[in-house]
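# What the coordinates show
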Amino acid sequence: MAIGASPSNPDSLKPMFMAPEPELKRRRILSSQATTKFDDQEEIKDHEVDENQFFLQKIQELVNLKMTLVSQSSSSSVVDQEPKVVVIKDAKPTKKPSKERQLSRSRSPTDDADYDEREFKKQKKAKKMIPNKMYVRSPAVSNETTERLKKLVTEEMNCSELKLVIQKPLYASDLAKNQNRLNMPINQLETAKFLRPHEEPLLDGDGGWIAVPLLGPTLKFHENPMRLAKWHMKSTSNYILKTNWIEFVEANPKDLTLNTMVQVWSFRRDEQLCFALVCVGRAD
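Residues numbered from 1 in each chain as written. Predicted model: local features only at pLDDT ≥ 70, side-chain atom pairs only at ≥ 80, totals over all residues. Heavy atoms only, no water.

## Focus: the pattern of salt bridges
Per the stated rule, a full pass over the model turns up ten salt bridges. Note that Lys177 and Glu250 form a salt bridge whose closest N and O atoms lie 3.7 Å from each other. In this pair, Lys177 sits in the loop between α5 (172-175) and β4 (181-185) while Glu250 sits in helix α7 (residues 245-251), placing the two residues 73 residues apart along the sequence. Judged by relative accessible area, which is 63%, Lys177 ranks as exposed. The class of Glu250 is partly exposed, set by a relative accessible area of 47%. Between Glu271 and Arg196 there is a salt bridge, with the nearest N and O atoms lying 2.9 Å from each other. One end of the pair, Glu271, is in the loop between β9 (260-269) and β10 (272-282); the other, Arg196, is in the loop between β4 and α6 (200-204), with 75 residues separating them in the sequence. By relative accessible area, which is 53% here, Glu271 ends up exposed. Among the ionic contacts, a cluster of salt bridges with common partners joins Glu161, Arg196, Glu199, Arg268 and Glu271. (Salt bridge = Lys/Arg side-chain N within 4 Å of Asp/Glu carboxyl O. Helix = DSSP H or I, 4+ residues; strand = E, 2+ residues; numbered from the N terminus. Buried < 20%, exposed > 50% of the residue type's maximum accessible area, 1.4 Å probe, protein only.)

Given below as structure tokens:
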């Protein structure tokens, strides 16, 4: 029996070490809070599980939708289809077969077509790599027209230094109105020594030119002189007769036509540089 307890008093039988009533109340409150906190944590965990399942479900729906779209887009190229097996028409191997394997395997009509196409592309590429052929001058024509020109210039007009500058066919660009020039490539000239030393610098500068009278196929001078100029290209240069060239062409429509072979001569008249153009045949 505890010290100070009386059998007649039941309350006196309580243990002396029992916690006071306020302390018990405080402990009950803490216990209740702990239980509530535990329940909240369990609820949060359940909520997180539900949220994860929701997102997983949405991801799965997106994956299924993507697979459906891919299947629909590739349906046109499907030849045979079995469960979980898709055969694509004209499927090409990811790894290019070796040349030995290509040569050893039997050829089909499709292979021959592919081979011909590859060979065509190869030949086309090789053709681009071939440098331009050097121009081969045809022998200068000497006929009645050229003899008449020589006699007129040297005997009747008493001019000097008659030289054949170039023999060439008339191209479409030589007769085009928007071009308005006769092109005389330097690498096609019969002679380049028709200028005096003091005249060459006049053509070397940009925009330089020399006024030159031009004798036409009728062996008469054109009313308006031409301008002799020089075009400087990357690998070569060209002499040109310009400014009034189209007037000259239109004044001689029967003689100056496409593919007409012409000769351009230079001569000196009272020390002035002049040119003569005569037709000597056809290039075609």
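## Some words on the sheet that holds strand β5 (residues 209-212)
Spatially, the four strands line up as an open sheet ordered β4-β8-β7-β5, and their pairing is antiparallel. The strands lining the two open edges of the sheet, one partner per strand, are β4 and β5. Ignoring strand direction, the axes of neighbouring strands in this sheet form an average angle of 25 degrees. Alignment of β5 against strand β7 (residues 226-232), held across four bridges, turns out to be antiparallel. By the bridge assignment, Ile210 is partnered in β7 with Leu228. (Pairing = 2+ DSSP bridges. Axes fitted to C-alpha atoms, helices over the stretch in contact; angles between N-to-C directions.)

## Quick word on a nonpolar patch on the surface
Together, Leu56, Ile59, Val63 and Met67 line one region of the surface with nonpolar side chains, adding up to about 400 Å² of accessible area. Tracing the backbone shows Val63 in helix α1 (residues 21-73). (Patch = residues over 30% accessible without salt bridge, like charges linked within 9 Å, V, L, I, M, F, W, Y side chains within 5 Å. Areas by Shrake-Rupley, 256 points an atom, 1.4 Å probe, with all protein chains shown as cover.)

## Comments concerning helix α4 (residues 144-156)
Among the residues making up α4, those that are buried are Thr146, Leu149, Leu152 and Val153. Around the axis of α4, the buried residues are gathered within 125 degrees of arc, so they sit on the same side. Residues Glu144, Glu155 and Glu156 are exposed on α4 and point more than 90 degrees away from its buried face. Tucked inside the fold, the buried residues of α4 contact β3 (160-169), β6 (214-215), β9 and β10. Looking at where α4 begins, the residue whose side-chain oxygen comes 3.1 Å from the main-chain nitrogen of Thr145 is Asn143. Of the residues flanking the end of α4, it is Asn158, one or two places downstream, whose phi is positive at about 55 degrees. (Arc of directions from axis to C-beta. Contact = heavy atoms within 4.5 Å. Polar contact = N/O pair within 3.5 Å; in protein donor to acceptor, adjacent residues only side chain to side chain.)

## Here's the deal with the packing of aromatic side chains
On inspection of all chains with the given rule, the structure shows five aromatic pairs. Consider the rings of Phe54 and Phe55, whose centres lie 5.6 Å apart with planes at 70 degrees: the pair is edge-to-face. Their ring planes at 75 degrees and their centres at 5.8 Å tell us that Phe194 and Phe275 sit as a pair that is edge-to-face. Taken together, the residues span a long stretch of sequence, with Phe194 in the loop between β4 and α6 and Phe275 in strand β10 at a distance of 81 residues. The pair formed by Phe194 and Phe275 is uniform in burial state, with each residue classed as buried. An aromatic cluster is defined as three or more aromatic residues linked by ring pairs; in this entry it consists of Phe194, Tyr239 and Phe275. Looking at Arg227, its charged tip hangs above the ring of Trp209, at a distance of 3.8 Å from the centre. (Phe/Tyr/Trp six-rings, centres within 6.5 Å; stacked < 30°, edge-to-face > 60°. Lys NZ or Arg CZ within 6 Å of the ring centre and 35° of its normal.)

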